[in-house]
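So you can see what is in the structure, the chains are spelled out below.
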Amino acid sequence: MTPSFFLDAHLDLALNALEWNRDLTRPIAEIRAAEAGMRDKAGRGRGTVCLPEMRRSRVGLAVVTQLARVNPNEGRNPVSVWQSPAQAWAMTQGQWAWYRALEEAGEIKMIATKADLEKHVVLWEKEETSVIGCILSLEGADSLITVGHLERAYAQGLRAVGPAHYGPGRYAHGTRSVGGLPAQGRELLSEMDRLGMALDVTHLSDDCFWEALKSFSGPVWASHSNCRALVPDQRQLSDDQIRALLERDAVIGAAMDGWMIVPDWVQGETTSEERDLRLEHLVEHIDHICQIAGNARHVGLGSDLDGGFGGEQSPRDLDTIADVRRLTDLLQARGWSAEDLNQFAYGNFLRALRRALP
Ligand SMILES: [Zn+2]
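Residues numbered from 1 in each chain as written. Predicted model: local features only at pLDDT ≥ 70, side-chain atom pairs only at ≥ 80, totals over all residues. Heavy atoms only, no water.

Asks: Just give me the short version of the overall build of the chain, but keep the residues and values in it.
Replies: Looking only at helices and strands, the chain features 14 helices and 11 strands. Computed over its C-alpha atoms, the radius of gyration of the chain comes to 19 Å, within 12% of the 21 Å expected for a compact globule of 358 residues. Judged by the C-alpha coordinates and their principal axes, the chain covers about 50 × 50 × 45 Å. For the chain, the proportion of its 358 residues judged to be buried stands at 60%. (Helix = DSSP H or I, 4+ residues; strand = E, 2+ residues; numbered from the N terminus. Rg over C-alpha atoms; globule rule 2.2 N^0.38 Å. Buried < 20%, exposed > 50% of the residue type's maximum accessible area, 1.4 Å probe, protein only.)

Structure representation (structure tokens):
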């Protein structure tokens, strides 16, 4: 049984277009060939995401990011780290302009309201479109020059914010950093509440995670997070965090980055070939969340397959994003019902999006 379509809750399409200079409208073989011999970033020539491959696997909806960090003291990184908020804001505005250009070209459709969403879902269910619906999310809020810039971004269609990314941020502490929300971060959360936006808790430091859940009252999700119980790292969700998310009826997106799937992975050294990384390993994380929840209503796809890595760091039985359907095959083999498979493929995150859109 193949679900009628997939919803991927985390892709960094614009980052790939603007920082990695990938034309995602082209076939994957062309994108890979254009990068032959390039060594500037990990995963060059081994990309797994482009629009034709998304269509092939019927990824008809995706939460896509704008993303730019600010930290004058940090060096080279797969994601540009800017010297000032104004530069980061300009980068996210460029990313927005790229999404708009793709929309004007008929490749994608920006989804900013519940009405847009429902119309789009029907088209995919009836197989009457190949246009990919995109909901905008900001990964790391550093680029908001002031809290007031959030309303401008909202007017452009931004509907969710993950306040942090890696390390310390201007609005929250991110992955592997320590500390609670600064005053500016608390202001940001109340502005998100006022605008009716969703909070993405992925990448928050532990203190920020708990403070944000307490002070924010709107819809919550974790777009691309796996389980700390299986791969110990602060980047992952602890069982207590998972329980707290379930209390908010949140959905957790399964991420396909190798080091988040199996333990003792050395980033930049270990490869999926030598570890024999398989989608089956990711199923363990999905199952772990379902065991805690007692149902399959809180899991979904948040592949992050274009988040700064390629085939060297994603499951071997996945050549491109078109192979996500193998994940539902594996779940089916474990006895999942057709209803649960559909909930995993798109239904659960659809429920979350319905709450987050005006
Ligand atoms: Zn991320």
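There's more to say after this.
Asks: Quick one: what's the story with the packing of helix α5 (residues 114–125) against helix α14 (residues 338–356), residue by residue and with numbers?
Replies: At a closest axis distance of 10 Å, the pairing of α5 and α14 adopts a crossing angle of 160°. By the angle between their directions, the pair α5 and α14 is classed as roughly antiparallel. Where α5 crosses over α14, the handedness of that crossing is left-handed. Each of Lys114, Leu117, Glu118, Val121 and Glu125 in α5 lies in contact with α14, whose residues at this interface are Tyr346, Leu350, Leu353 and Arg354. (Axes fitted to C-alpha atoms, helices over the stretch in contact; angles between N-to-C directions. Parallel < 35°, antiparallel > 145°, perpendicular 65-115°, else oblique. Left-handed = near helix turned anticlockwise from the far one by under 90°. Contact = heavy atoms within 4.5 Å.)

Asks: So, the coordination of the zinc ion: which residues are in play, and what are the values?
Replies: Ideal coordination angles are 109.5 degrees for a metal with four donors arranged tetrahedrally and 90 or 180 degrees for a metal with six donors arranged octahedrally. For the zinc ion, the protein coordination sphere consists of Glu139 (OE), His203 (NE2) and His224 (NE2), at 2.1 to 2.2 Å. Counting gaps between the donor residues of the zinc ion yields the pattern E-x63-H-x20-H. A residue pair is termed long-range when its members are at least 10 positions apart, and Glu139 in strand β6 (residues 132–139) and His224 in the loop between β9 (220–221) and α9 (239–247) qualify at 85 residues. In terms of burial, Glu139 and His224 fall into one category: buried. (Donors = N, O, S within 2.8 Å, 3.2 Å for Na, K, Ca; no water.)

Asks: Can you tell me about the packing of aromatic side chains, naming the residues and giving the values?
Replies: Following the criterion strictly, the structure yields 5 aromatic pairs and no others. A centroid spacing of 5.2 Å and a plane angle of 55° characterise the contact between Trp98 and Tyr99, whose relative ring orientation is tilted. Like Trp98, the residue Tyr99 is buried in the burial classification. Between Phe209 and Trp210, the aromatic rings sit 4.9 Å apart at their centres with planes inclined by 80°, giving edge-to-face as the arrangement. Its relative accessible area of 1% is what places Phe209 among the buried residues. The cationic tip of Arg159 hangs over the ring face of Tyr154; the distance from NZ or CZ to the ring centre is 3.9 Å. (Phe/Tyr/Trp six-rings, centres within 6.5 Å; stacked < 30°, edge-to-face > 60°. Lys NZ or Arg CZ within 6 Å of the ring centre and 35° of its normal.)

Asks: Please provide a residue-by-residue account of the pattern of salt bridges, values included.
Replies: Under the definition given, this model contains 23 salt bridges. The network of salt bridges with shared partners includes Arg22, Glu35, Asp40 and Arg44. (Salt bridge = Lys/Arg side-chain N within 4 Å of Asp/Glu carboxyl O.)

Asks: Got a sec to walk through the environment of Gly94? Specific residues and values, please.
Replies: Following the sequence through the fold, Gly94 ends up in helix α4 (residues 85–104). Taking the C-alpha atoms as reference points, Gly94 and Leu18, 76 residues apart in sequence, are found 8.0 Å from one another.

Asks: Please set out the packing of α9 against helix α12 (residues 279–293) residue by residue, giving values where relevant.
Replies: Remark: α9 packs on α12, axes separated minimally by 10 Å, with the N-to-C direction vectors making an angle of 60°. The orientation of α9 relative to α12 falls into the category oblique. Here α9 and α12 pass one another in a crossing that is right-handed. In contact with Asp239, Ile242, Arg243 and Leu246 of α9, α12 contributes His288, Ile289, Ile292 and Ala293.

Asks: Can you break down the pairing of β6 residue by residue, with the values?
Replies: Counting buried positions over the 8 residues of β6 gives 8, a clear majority of the element. Bridge analysis of strand β5 (residues 108–110) against β6 gives 3 bridges, and the strand direction is parallel. Counted as the bridge partner of Met110 is Cys134 from β6. For the segment spanning β5, α5 and β6, crossover handedness is right-handed. Direction of pairing for β6 relative to strand β7 (residues 158–162): parallel, over a ladder of 4 bridges. Counted as the bridge partner of Ser137 is Ala160 from β7. As for the winding sense of the linkage, the β-α-β connection from β6 through helix α6 (residues 149–155) to β7 is right-handed. (Pairing = 2+ DSSP bridges. Right-handed = clockwise from strand over helix to strand, strands pointing away.)

Read these as spatial facts, not as claims about activity.
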